[in-house]
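Descriptive structure summary
What follows is each chain in one-letter form.
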Amino acid sequence: MKLALVGVSHHQAPVELRERVAVDLDGARALAAALALGCESVVLSTCNRTELYLASSEPAPLEERAVTALLELAEEERTSLEPVLYRLSDESAALHLFRVAAGLDSLVPGEGEILGQVRDAYDVGTTGALLDRLFRMALHAGRRARVETAVGEAPASVPAAAAALAQQVFDDLAGRRVLLVGAGRMSELTARNLSTRGASVSAIANRTPAHGEELAHHLGARAIGLDGIVEELRDVDIVVASTSAPGFVIGDDAATSLRARRGRPLLFVDLAVPRDVDPSLSAVDGCFVYDIDDLEAVVDASLAGRRSEAARAEQIVAAEAERFKEWQASLAVVPAIASLRARAEEIRSAELARAERRLERLPENDRRLIEAMTAQIVNKLLHLPTVRMKEAAAASDGVVYAAVVRHLFGLGEEEREQ
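Below or above, wherever it landed, is the structure these notes cover. Per chain, residues are indexed from 1 in the order of the written sequence. Predicted model: local features are reported for residues with pLDDT of at least 70 only, side-chain atom pairs are reported and counted for 80 or more only, and whole-chain, interface and lining totals are derived from all residues. The side-chain values count all of the structure's non-hydrogen atoms but skip hydrogen atoms and water molecules.

1. Considerations on the overall build of the protein
- Runs of E in the DSSP output that reach at least two residues are strands. Runs of H or I that reach at least four are helices, and both are numbered from the N terminus. From N to C terminus, the protein includes 19 helices and 10 strands.
- When we talk radius of gyration, it's over C-alpha atoms, and the globule rule is simply 2.2 Å times the number of residues to the 0.38. In terms of overall dimensions, the protein is more spread out than a globule: its C-alpha atoms have a radius of gyration of 29 Å, far above the 22 Å expected for 418 residues.
- Seen along its three principal axes, the alpha-carbon backbone of the protein occupies a region of about 105 × 45 × 40 Å.
- For every residue, the accessible area (1.4 Å probe, protein chains only) is compared with the maximum for its type, and the residue is labelled buried under 20%, exposed over 50%, or partly exposed between those bounds. Counting every position in the protein, which comprises 418 residues, the buried fraction comes to 49%.

2. Notes on the packing of helix 2 (residues 25-35) against helix 6 (residues 113-124)
- Their axes nearest at 9 Å, the elements helix 2 and helix 6 cross at an angle of 45°. When the interaxial angle is binned, helix 2 and helix 6 end up oblique. In terms of crossing hand, the pair formed by helix 2 and helix 6 is right-handed. When helix 2 is examined against helix 6, the residues L25, A28, R29 and A32 are found in contact with a partner set consisting of D120, A121 and V124.
- Charged residues are taken to be Asp, Glu, Lys and Arg, nonpolar residues to be Ala, Val, Leu, Ile, Met, Phe, Trp, Tyr, Cys and Pro, and polar residues to be all remaining types, Gly included. For the contact of helix 2 with helix 6, a count of residues per class yields five nonpolar, no polar and two charged. Here, axes are lines fitted to C-alpha atoms. For helices the fit covers the stretch in contact, and angles between N-to-C directions go from 0 to 180 degrees. Throughout this description, any angle smaller than 35 degrees is read as roughly parallel, any larger than 145 degrees as roughly antiparallel, any in the 65 to 115 degree range as roughly perpendicular, and the remainder as oblique. Handedness of a helix crossing follows the sense of rotation of the near helix relative to the far helix, less than a right angle counterclockwise being left-handed and clockwise being right-handed. Should any heavy atoms of two residues lie within 4.5 Å, those residues are counted as being in contact.

3. A word on the side chain of S187
- For S187, the location among the structural elements is in helix 9 (residues 185-196).
- Apart from residues no more than four positions distant in its own chain, S187 is found in contact with L180, V181, G182 and S242.

4. Focus on the sheet that holds strand 1 (residues 2-9)
- With antiparallel pairing, four strands are arranged side by side in an open sheet as 2-3-1-4. Looking along the sheet, the strands with just one partner apiece sit at the ends: strand 2 (40-45) and strand 4 (86-89). Strand-to-strand twist in this sheet, taken as the mean axis angle between neighbours without regard to direction, amounts to 15°.
- Along the sheet, helix 3 (residues 62-74) contacts strand 1, strand 3 (49-56) and strand 4; its crossing angle with strand 3, the most-contacted strand, is approximately 150°. Two strands are counted as paired when DSSP detects at least two bridges linking them.

5. With respect to the nonpolar core
- Core analysis: the biggest nonpolar cluster contains 35 residues, and Y53, F98, V118, L131, L134, F135 and F324 have the highest contact counts within it.
- Looking at this core, the elements with two or more residues in it are strand 1, strand 2, strand 3, helix 5 (90-101), helix 6, helix 7 (129-148) and helix 14 (307-330).
- Considering each element in turn, this core owes the most residues, nine residues, to helix 7.
- For the purposes of this section, nonpolar cores are sets of buried Ala, Val, Leu, Ile, Met, Phe, Trp, Tyr and Cys residues that join through side-chain atoms within 4.5 Å. Within the second largest apolar cluster, 34 residues are counted, among which are A161, A162, F170 and I238.

If you want it as structure tokens, here you go:
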């Protein structure tokens, strides 16, 4: 089976390009289903990346299919997108996903949200034997990296980095009022990080009132509709935006309300992809607009103490990726092993059937003993060849060994003769 990965991430593409190919969870489900024509497919889309994973046991242009899908999402930006797409296959694709799940490829190394995002993508994907195994092992690698190292220590997430950015702007967050736009997990985590630094959440604006009211209750804030955002901008100090809206939630129509602040500082932290806040608002006196890419500086400041832990996590991820490589390689010899065992069982059963009349004279317990002994003999005879074939597969010689076994034992000849 072959594995292909095509994607775009914060390493090569700015947020204005990434947001063109970003999809929500329902979009990921639909795209994975559309791509899964004769293959397996998972779509992973976060604020930092959109990646398409495809796998198939049949010859198929997997990479071309994934590239076409991303370019179609980009629409008029397709000419800008294609040069920054990365293409990986098999072992390289697996290692990349394992690093992603461990948070080693994130904007904030070791961030905790990515593991849940990988799990969600896996849950809504169209998986089969290979992608099911790949994503299960990736989740295991991500958990190991966090449990066995300190790579996830603070600031270990985008929300933590956003709170650190706010403190850099205002120095002291005590008494600062926060407006949350969006009531999802990212908004909640950011709010809690800001609260630990002294800020208070005054209002939560959300498209779905029930979700906004629930989070507002937990945070001691007011729930408002999206149409109340502009009025709320007059009094707050920090706006954290993290919705899945397809366009700007806070557009240039908010400029009038912002000018009424008479230059009082207002920080917009836009964590959404696509962006929620029109970047042109930064031209208004006293307004500061930061998007997900602007968190780079905050992240860089936290890297020094985490490099050794990241190196340990890389070792864990590499070991797990090697395990996947061996498993994937073993698939090349599985049909030959299955055919060999089937032939051995066919011979065993035929010989027992030939001796059936004589065996009938024996007590039932003796017949069962003979049945068990012959099965055990077959298993012991085939154990070492099976192990050696799997070892050869891991060393890239599996196809050769499988061909030799098929030739020596005449496996498949009956089918060709019929």
